[in-house]
Amino acid sequence: AEAYPKVKRNSKFKVLDAADIDFFRSILSSDELVESRSPEELASFNQDWMKKYRGQSNLVLLPNSTEKVSKIMKYCNDNKLAVVPQGGNTDLVGASVPVFDEIILSLKNMNRIRDFDSVSGTFKCDAGVVMRDAHKFLHDHDHIFPLDLPSRNNCHVGGVVSTNAGGLNLLRYGSLHGNVLGLEVVLPNGEIISSINALRKDNTGYDLKQLFIGAEGTIGIITGVSILAAAKPKALNAIFCGIDNFDTVQDLFVKAKGELSEILSAFEFMDRGSIECTIDYLKGLPFPLENHHNFYVLIETSGSNKRHDDEKLSAFLSSALDAKLLSEGVMAKDKADYDRIWTWRKSVPPACNSYGGMYKYDMSLQLKDLYSVSEAVTKRLNEAGLIGDAPKPIVKSVGYGHVGDGNIHLNIAVREFTKEIENLLEPFVYEYIASKKGSISAEHGVGFHKRGHLHYSRSDIEIRFMKDVKRHYDPNGILNPYKYI
Ligand code: MLT
Ligand code: ZN
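Residues numbered from 1 in each chain as written. Chains lettered and ligands numbered in written order. Predicted model: local features only at pLDDT ≥ 70, side-chain atom pairs only at ≥ 80, totals over all residues. Heavy atoms only, no water.

1. Things to note about the coordination of the zinc ion (ligand 2)
The zinc ion (ligand 2) binds to the protein through His402 (NE2), His409 (NE2) and Glu443 (OE), with metal-donor distances spanning 1.9 to 2.1 Å. Of note, the zinc ion (ligand 2) draws all its donor residues from one chain, in the sequence arrangement H-x6-H-x33-E. Each member of the pair, histidine 402 as well as histidine 409, is classed as buried. (Donors = N, O, S within 2.8 Å, 3.2 Å for Na, K, Ca; no water. Buried < 20%, exposed > 50% of the residue type's maximum accessible area, 1.4 Å probe, protein only.)

2. Some details on the domain arrangement of the protein chain
Looking at the assigned domains, one finds that the protein chain contains domain 1 (18–109), domain 2 (113–231), domain 3 (235–346) and domain 4 (353–444). On a C-alpha basis, the centroid separation for the pair domain 1 and domain 4 is 32 Å. Each partner contributes to the interface: domain 1 provides seven residues, whereas domain 4 provides six residues. Taking both sides of the interface into account, the surface hidden between domain 1 and domain 4 amounts to around 580 Å²; carbon and sulfur atoms contribute 68%. The tally of links from domain 1 across to domain 4 stands at zero salt bridges. Our enumeration of links across domain 1 and domain 4 arrives at zero residue pairs in polar contact (both at pLDDT 80 or more). Considered class by class, the residues forming the side of domain 1 that touches domain 4 number four nonpolar, no polar and three charged. (Domains from an automatic or database assignment. Contact = heavy atoms within 4.5 Å. Buried area = accessible area lost by both parts, 1.4 Å probe. Salt bridge = Lys/Arg side-chain N within 4 Å of Asp/Glu carboxyl O. Polar contact = N/O pair within 3.5 Å; in protein donor to acceptor, adjacent residues only side chain to side chain. Nonpolar A, V, L, I, M, F, W, Y, C, P; charged D, E, K, R; others polar.)

3. Regarding the packing of helix α14 (residues 372–383) against helix α16 (residues 428–435)
Between α14 and α16, the least distance of the axes is 11 Å, while the angle of their chain directions is 150°. The hand of the α14/α16 crossing is right-handed. On α16, the residues touching Ser372, Val373, Ala376, Val377 and Arg380 of α14 are Phe428, Val429, Tyr432 and Ile433. Here the residues of the contact of α14 with α16 are counted per class, giving seven nonpolar, one polar and one charged. (Axes fitted to C-alpha atoms, helices over the stretch in contact; angles between N-to-C directions. Helix = DSSP H or I, 4+ residues; strand = E, 2+ residues; numbered from the N terminus. Left-handed = near helix turned anticlockwise from the far one by under 90°.)

Structure (structure tokens):
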């Protein structure tokens, strides 16, 4: 784990003592509080998914109701105890783990589905419901959760809302800023602000819930979510194809929007290196294509009529091959095939992380520039002689992501983290993105990783507004401190 030489513990925060623990014990049962006697006990809460960041918290609180979250926050605010809210802890920017000794407030025990209206599609649940369980529930009710992610087995509904995660089908279902209907939030002083019963339309002034979507738990703790579920598609299919260059990837995207139109639900790309890592990682899983290519694209369709959709997709595939937009392409024959195709895409992040660790960037750019950042970074690391077989520290530098959303992920898979790599990457990556007027975070958020870097994508006045909001809601600064704001 990284050491944090540039950050100091803020001495205005109280150091937890026995009286505090007594108070928490007085409102929580034994399974809602974990106190550390050894670092191992709390390791899974203190350490992030990439094993890049590690806090030193001695206390995890796992309240099972909004009222208890409220009591905890009021106490922490009165006593200046710092708190980091935590969902499934699958975050990729060090936002969900403590930096020092902040109390971890886990939403794990708040895992009830509250209500579902199958007519409107309104789904309400506690923040700690695991995304997989939300999907399962809605699936059984002929609906789907309007967001899916590779980390669906662990991430929480509240966590994805709090970090404004994008996922694999944003192209079709839109962002959480549109799908979330209402939120229940506990403010740093313990007050509960709720719009959980809001209806689809509500034009009565500021849309306050939007502030908490993507705030990464810096101004309140989301405890409940109301979201618009979509009708379950009756037919799903996918093609997987190999393409020579990124210009052709864009041509294919235009063709897919025009010809697959209303059934197009994902358009994802991976470069050669992403797939090489994934072949390594998925040892033995037969690769869907015969040859290797510079780029791979996964196109998904979802609709209501299997025959119609399959005919459309198969005609699209043939005409793209005829037009030489693809070098090679296959269409899934059945559900198992469809799942296998997705496995090649969803396994890219764990594959890159399997050599020791990874540096990770998540950026928005205009489509014409999308892949150029990956080329620029790879060139720079190659010139420094850092990529190759051991003992070189970097295994590969790869790019993949969501073409439909103009979002690229850059993963630098490493055998070890070194200062030399870090200094080559930063601020180079951010300056590059700023020069192209892109965003340094498309969907993973800012967290601890990108603290101090907002100015690459936001103006001074925007940053001042953000700080005003933070000060207004959290005057003592106890909520998720040392992070981006
Ligand atoms: C993805 O698109 O796979 C996710 O954003 C996760 C990741 O990049 O690690
Ligand atoms: Zn992504």
